[in-house]
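If you want the building blocks of each chain, they are given just below.
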Amino acid sequence: MEKKELVPYGTYIMIWFGLLVLTGVTIIAASLHFGQWSIMTAIAIATVKGALVLFIFMNLKREERLFKIMLSLALITMTVIMVLTFADISFR
Amino acid sequence: MSTATLHEPHVHVDATGAKIAMWLFLFTELLLFGGLFLAYAVFRTYYPADFHYATTTLSVSIGALNTALLLTSSLTMVLSVAALERLNRRLSVILLGVTALLGILFLVNKYFEWSAKFQHGLYPGSQDLALHPDGEKVFYGLYFTMTGLHGVHVLVGVGVLAVILAMIARRPRRTVSVPLAAPTALALQGDSGPLWHQAADAQLDAVDVTLVYRENEAVAHRQLIKLENAGLYWHLVDVIWIFLFPLLYLIS
Amino acid sequence: MSHSNADAGALPSYLEVSGRRTGILGWIFSTDHKRIGILYMILILGFFLVALCIGLLMRLELLLPGPTIVQPNTYNALFTLHGVIMIFLFIIPGIPAMFGNFFLPIQIGAKDVSFPRLNLASWWLYAIGAVMALLSLFTGGGVPDTGWTFYVPFSLRTGTNVPLAVLAVFVMGFSSILTGLNFITTIHRLRAPGMSWFRMPLFVWSLYATAWIQILATPILGITVLLVFLERLFGIGLFDPAKGGDPLLYQHLFWIYSHPAVYIMILPAMGVISEIFPTFAKQKIFGYKAIAFSSLAIAFVGYLVWGHHMFTSGISDTSRWIFSLLTFIVAVPSGIKVFNWVATLYKGAIEVPPPMLFALSFIFLFSIGGLTGFVVGALATDIHIHDTYFVVAHFHYVMFGGVGIAIFAALLYWFPKMFGRMFRYRPFFISWVFIFVGFNTLYFPMFIMGWLGMPRRYYDYMPEFQIWHQISTVGSWLLATGVFIFFIYFVKSLRAPRGAPDNPWGGTTLEWRVPSPPPAENFIEIPTVTAGPYDHHGEGDA
């Protein structure tokens, strides 16, 4: 095992607290009825939350570059699938 | 003789390799749910009004509670890893137990949520639902598929955590008897430097203590790889829920 | 190259070392990548021969118009079986599972894959999936009759045993994913010292690209068939138009996997060809990096073209031209490869033993398949030939003429290494003549009758198509004769006396520097690599 610097317990607790706050924010934002924007807001907040879990809890931040490249491959794939499917759905 | 364990052929444990494989597996999970997210996006485009209405029939408070449960379980999960990194087995095991428990609570919650929907006749193939507009039928189809598949993943996760918990809870061997002959001392070179400090003039007790500590660390290291990978899986299940929650419960 | 590996011939080979268990248990529970490769080979080739016979039956039915040997419903079941077995049980696992397992670790100088037990689990999943597929024939409502694509809404309505069949596909998909995961990790972690990325054999590159598709595309198939399964069980309604579902969404999801799956099939075949050409041309491969990168490019662009299977299904015009354009782009990297292979031959000291003969015919048949791909990939012409025999001919030229022939080439190329025995050339030359002539007689008329309007998957036909069908059926007999000669002599050669040299062809990659057959852990000492993979005139080359 490479001697990695240990992440203090406190950091994780802070992140957890942040995630709970963001959950609250997304619930409140949904009750405000932004109309078209409500889905964008919800997805944006979910993305931030997801990123916090990925980078801190799943330790991606401190992993080698390879892991980040691999993750971006998966996300690009997902994006491509969405975009090209909607090239059909949106113009049908 | 128990020294035999120290002479076993060195089995290389490739922590990075295991982690690469785990991440690759997570990508497949991501894309498995990705197909469902795609379906969700497509149907939401087809039936915005029906989705809008159907979303309001789900209980935000139950959804929020479940979100909090999973987020907290992710915290205890990562703390369990952190505890094992510090060789604090006891804390690690306790936190892992709490994680699994929170997962079970999540499922219990889900069970009540599903039962309520079934009582209202809102489930795929029901006669009541057949009277609803198409968009709502599709919404409930998606709702049950997505939360169901996610629930299965939580269940599998709980199982995995239980196995790992049992593994870590088992204490590593406490005593290792070591003959004090000089050649043995030379054989006891570890990966991270000599296992053997001041072997020549150490007391038997002192030597024993060093060895027990080192073995504990080595075992913990191997277990840590498994715990970390189980944690990665658990967190990913959490990430998926982070997206499911607003899409199914909130966007109205 | 370390000296000790030259003495490894004294070690017992993987054929003798069975691990803790003996006999057949020593095989089906072995974690040795070579034994697992052989296990796959037995099942995969077995299924190939079964599906080939089903194909023969279909051709025989079409010899004459009207009912000939089977009833219409049986014919539907036959083409479904032929497709499902050929695709999910033969050609998708195909090269990676058989030769990838056997040679990937050796070619990068490793003792095994990263996760040998997971590798064994992949084989078991494949075997379980295969058993489930077989069970689906005899249980429930009988043999599925949907075609291998399981298109909704028919697959939701038909009384045949679709649920078990799609579950089998799901399980086999899992096997494919685990193999891909294992290969990627192995390539990243277990390359021998000095085996840099650009010293890897091109077969390894092609497996790497393939493994990524396996990881990133197969889950979409998983969720798709799972949804069909749930639809059949609970009627969740996502694909059922009667409940507001969308059959076109099924087609999207299905082809999001199944088009990249075409590259899961063809990329490893291209890898095989990239190994065989430099060996028998006694030349360094032309454009090593171009071939390596084109594998990655194919893997990526192959993702963007699935819509070309849906041109006539009612998808939007915008998406149709986008998909058509992207389809034309994906031909570029394939073309790059073909030109590089041909350039490798230029001024080479070419020898043409059977493996090279098959490899050369790959170029010919694959090019026909590839070029007719433009015809089906172009919007206007596709409207005309969609769902006709033209399409059938096109993908058989690519799949059988490409991948199938590459598998024959690989079987012969690596035969001495895998089994430590040599085969006689003559029977395989004869089988090649039957295969090559039979293949073109079987499939070329399909282009013509497809162009004239003969639809695929039909049990009967108009009289004007009879002549083409009859030529085609005669071709099927020739082709089958060739394939049977091939396999009869393949099995016979397994009983030839031991004693194949370590490097019978003068190959330069690492597998030719270990004994034939290789010892249990491949290398006594992990080799240190100092040169590129196809260095025919470098130092240390005998």
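Residues numbered from 1 in each chain as written. Chains lettered and ligands numbered in written order. Predicted model: local features only at pLDDT ≥ 70, side-chain atom pairs only at ≥ 80, totals over all residues. Heavy atoms only, no water.

> Sorry if this is basic, but what is going on with the overall build of chain C here?
Each helix and strand in chain C was counted, giving 17 helices and zero strands. For a compact globule of 542 residues, the expected C-alpha radius of gyration is about 24 Å, and chain C comes in at 23 Å, within 12% of that figure. With respect to the principal axes defined by its C-alpha atoms, chain C has extents near 70 × 50 × 45 Å. For chain C, the share of sequence-separated contacts (at least 6 apart) that also reach a separation of at least 24 residues comes to 82%. For chain C, the accessible area works out to roughly 18,500 Å², and carbon and sulfur atoms hold 69% of it. Here chain C contributes 29 positive and 23 negative side-chain charges, whose respective centroids are spaced 6 Å apart. (Helix = DSSP H or I, 4+ residues; strand = E, 2+ residues; numbered from the N terminus. Rg over C-alpha atoms; globule rule 2.2 N^0.38 Å. Contact = heavy atoms within 4.5 Å. Areas by Shrake-Rupley, 256 points an atom, 1.4 Å probe, with all protein chains shown as cover. Lys, Arg positive; Asp, Glu negative; His and termini not counted. Charge placed at Lys NZ, Arg CZ, Asp CG, Glu CD.)

> Looking at this structure, how should I read the overall build of chain B?
Helix and strand counts for chain B stand at nine helices and two strands. Counting from the amino terminus, chain B carries its helices and strands in the arrangement α-α-α-α-α-α-α-α-β-β-α. Taken over 252 residues, chain B has a buried fraction of 57%. Restricting the contact set of chain B to residue pairs at least 6 apart, pairs at least 24 apart contribute 82%. Carbon together with sulfur atoms contributes 64% to the accessible area of chain B, which is approximately 10,700 Å² in total. (Buried < 20%, exposed > 50% of the residue type's maximum accessible area, 1.4 Å probe, protein only.)

> Just to check I follow, could you spell out the interface of chain A and chain B for this structure?
At the junction of the two partners, chain A supplies 46 residues and chain B supplies 48 residues. The interface formed by chain A and chain B contains one salt bridge. Summed over the shared surface of chain A and chain B, the result is four residue pairs in polar contact (both at pLDDT 80 or more). Counting residues per element, the ones that place at least two in the side of chain A that touches chain B are α1 (9-31), α2 (36-57) and α3 (65-89) of chain A. Tallying contributions element by element places α3(A) first for the side of chain A that touches chain B, with 13 residues. Classifying every residue of the side of chain A that touches chain B by side-chain character gives 32 nonpolar, eight polar and six charged. (Salt bridge = Lys/Arg side-chain N within 4 Å of Asp/Glu carboxyl O. Polar contact = N/O pair within 3.5 Å; in protein donor to acceptor, adjacent residues only side chain to side chain. Nonpolar A, V, L, I, M, F, W, Y, C, P; charged D, E, K, R; others polar.)

> How do you make sense of the side chain of Arg456(C) when you look at a structure like this?
Residue position: Arg456(C) is located in the loop between α16 (425-452) and α17 (466-493). The residues contacting Arg456(C), other than those within four sequence positions of it, are Asp387(C), Thr388(C), Tyr389(C), Val391(C), Val392(C) and Phe395(C).

> What am I meant to see in a nonpolar patch on the surface here?
A surface patch of nonpolar side chains, about 590 Å² in accessible area, is lined by Ile28(A), Leu32(A), Phe34(A), Trp37(A) and Met40(A). Structurally, Phe34(A) is set in the loop between α1 and α2. (Patch = residues over 30% accessible without salt bridge, like charges linked within 9 Å, V, L, I, M, F, W, Y side chains within 5 Å.)

> How do you make sense of the environment of Ala410(C) when you look at a structure like this?
All names here are of chain C. Along the chain, Ala410 turns up in helix α14 (residues 389-413). For Ala410, a relative accessible area of 0% gives the class buried. Measuring from C-alpha to C-alpha, the distance between Ala410 and Ala359 comes to 8.5 Å, with 51 residues separating the pair along the chain. Not counting residues up to four positions away in its chain, the partners in contact with Ala410 are Phe99, Val272, Ile276 and Phe415.

> Any chance you could explain the nonpolar core here in plain terms?
Grouped together as the largest cluster of nonpolar side chains are 293 residues, with contacts concentrated most on Trp23(B), Phe88(C), Phe99(C), Phe362(C) and Phe408(C). Among the elements that line this core, the one with the most residues is helix α9 (residues 247-281) of chain C, at 23 residues. (Core = buried A, V, L, I, M, F, W, Y, C linked by side-chain atoms within 4.5 Å.)

> Looking at this structure, how should I read the environment of Ser74(B)?
You can see Ser74(B) is positioned in helix α4 (residues 60-85). In this structure the C-alpha to C-alpha distance between Ser74(B) and Ile104(B), which are 30 residues apart in sequence, comes to 13 Å. The residues touching Ser74(B), leaving out its near neighbours within four places in the chain, are Phe57(A), Trp234(B), His235(B) and Asp238(B).

> In this structure, what is going on with helix α3 (residues 48-56) of chain B? I would like to understand it.
An α-helical segment advances 3.6 residues per turn. Residues three or four places apart therefore align on the same side. Within α3(B), burial applies to Asp50(B), Phe51(B), Ala54(B) and Thr55(B). Viewed along the axis of α3(B), the buried residues span an arc of 130°, placing them on a single side of the element. (Arc of directions from axis to C-beta.)

> I keep staring at the interface of chain A and chain C and nothing clicks. Help me out?
One widely used convention gives an interface's size as the accessible area the parts lose upon coming together. Each side of the interface is counted separately: chain A has 14 residues, and chain C has 20 residues. When the two sides are added together, the surface that chain A and chain C hide from each other amounts to roughly 1,500 Å², 79% of it contributed by carbon and sulfur. At the boundary of chain A and chain C, one finds one salt bridge. A salt bridge links Asp246(C) to Arg92(A), with the shortest nitrogen-to-oxygen separation between them at 3.7 Å. (Buried area = accessible area lost by both parts, 1.4 Å probe.)

> I would appreciate a short explanation of unusual backbone geometry in the present structure.
Generally, phi is negative for residues other than glycine and the peptide bonds are trans, each holding for most cases. All names here are of chain C. Residue Val152 is joined to Pro153 through a cis peptide bond whose omega torsion reads -5°. Checked against the element boundaries, Pro153 lands in the loop between α5 (116-138) and α6 (154-157). Omega for the peptide link from Ser516 to Pro517 comes to -10°, which places this bond in the cis form. Inspection of the secondary structure assignment puts Pro517 in the segment after α17. The backbone of Lys347 shows a phi angle near 60°, a positive value even though the residue is not glycine. Tracing the sequence through the fold places Lys347 in the loop between α11 (317-345) and α12 (354-377).

> Got a minute to help me understand the packing of helix α8 (residues 202-234) of chain C against α9(C) in this structure?
Two quantities define a packed helix pair, namely the angle between the axes and the distance from one axis to the other. Residues and elements named next belong to chain C. At their nearest, the axes of α8 and α9 sit 8 Å apart, and the two run at 160° to each other. Overall, the two elements α8 and α9 adopt an arrangement that is roughly antiparallel. Every pair of crossing elements has a handedness; the one defined by α8 and α9 is left-handed. Classifying every residue of the contact of α8 with α9 by side-chain character gives 20 nonpolar, seven polar and one charged. (Axes fitted to C-alpha atoms, helices over the stretch in contact; angles between N-to-C directions. Parallel < 35°, antiparallel > 145°, perpendicular 65-115°, else oblique. Left-handed = near helix turned anticlockwise from the far one by under 90°.)

> Just to check I follow, could you spell out helix α2 (residues 15-46) of chain B for this structure?
Between the first and last C-alpha of α2(B) there are 46 Å, a value that for 32 residues agrees with the 46 Å anticipated at 1.5 Å per step. Counting buried residues in α2(B) gives 28 out of 32 residues, a clear majority hidden from the surface. (Expected span 1.5 Å × (residues − 1).)

> Help me out: how do you make sense of the packing of aromatic side chains in this one?
In this description, an aromatic ring pair is defined by two values, namely the gap between the centres and the angle between the planes. All names here are of chain C. For the structure on display, the rule yields 80 aromatic pairs over all chains. Note that Arg35 overlies the ring of Trp27, its terminal NZ or CZ placed 4.0 Å from the centroid. It is Lys289 that lies over the ring of Phe198; its NZ or CZ is 4.4 Å from the centre. (Phe/Tyr/Trp six-rings, centres within 6.5 Å; stacked < 30°, edge-to-face > 60°. Lys NZ or Arg CZ within 6 Å of the ring centre and 35° of its normal.)

> Even after reading the chapter, I still don't get the side chain of Asp112(C), so can you show me in this structure?
Residue and element names in this part refer to chain C. Positionally, Asp112 belongs in the loop between α4 (94-107) and α5. Lacking a salt bridge, the buried Asp112 has Lys34 as its closest oppositely charged neighbour, with an N-O distance of 6.3 Å. Polar contacts involving the side chain of Asp112 include one to the main-chain amide nitrogen of His33, which spans 3.4 Å. Filtering out sequence-adjacent residues up to four positions away, Asp112 remains in contact with Thr31, Asp32, His33, Pro105, Thr186, Leu190 and Asn522.

> Would you explain the confidence of the model for chain C in this entry?
A low pLDDT means the predicted coordinates there should not be read in detail. Scored by pLDDT, chain C has a mean of 94; 97% of the residues are at 70 or more. Both confidence scores are given for the complex: pTM 0.92, ipTM 0.94. (pLDDT = per-residue confidence, 0-100.)

> Would you mind going over the pattern of salt bridges with me for this structure?
Pairs may arise between side chains of opposite charge once their charged atoms sit close together. For the coordinates displayed, the defined rule picks out 13 salt bridges over all chains. Between Glu16(C) and Arg498(C) there is a salt bridge, with the nearest N and O atoms lying 3.2 Å from each other. Linking Glu16(C) in the segment before α1 (25-28) with Arg498(C) in the segment after α17, this pair joins segments that are 482 residues apart in sequence. The partly exposed category is assigned to Arg498(C), whose relative accessible area is 41%. One salt bridge in this structure joins Arg456(C) and Asp387(C), with 3.7 Å as the shortest N-O distance. A residue pair is termed long-range when its members are at least 10 positions apart, and Arg456(C) in the loop between α16 and α17 and Asp387(C) in the loop between α13 (379-385) and α14 qualify at 69 residues. According to the relative accessible area criterion, Asp387(C) is partly exposed, its value standing at 35%. Three or more residues joined by partner-sharing salt bridges are found here, namely Glu63(A), Lys19(B) and Glu228(B).

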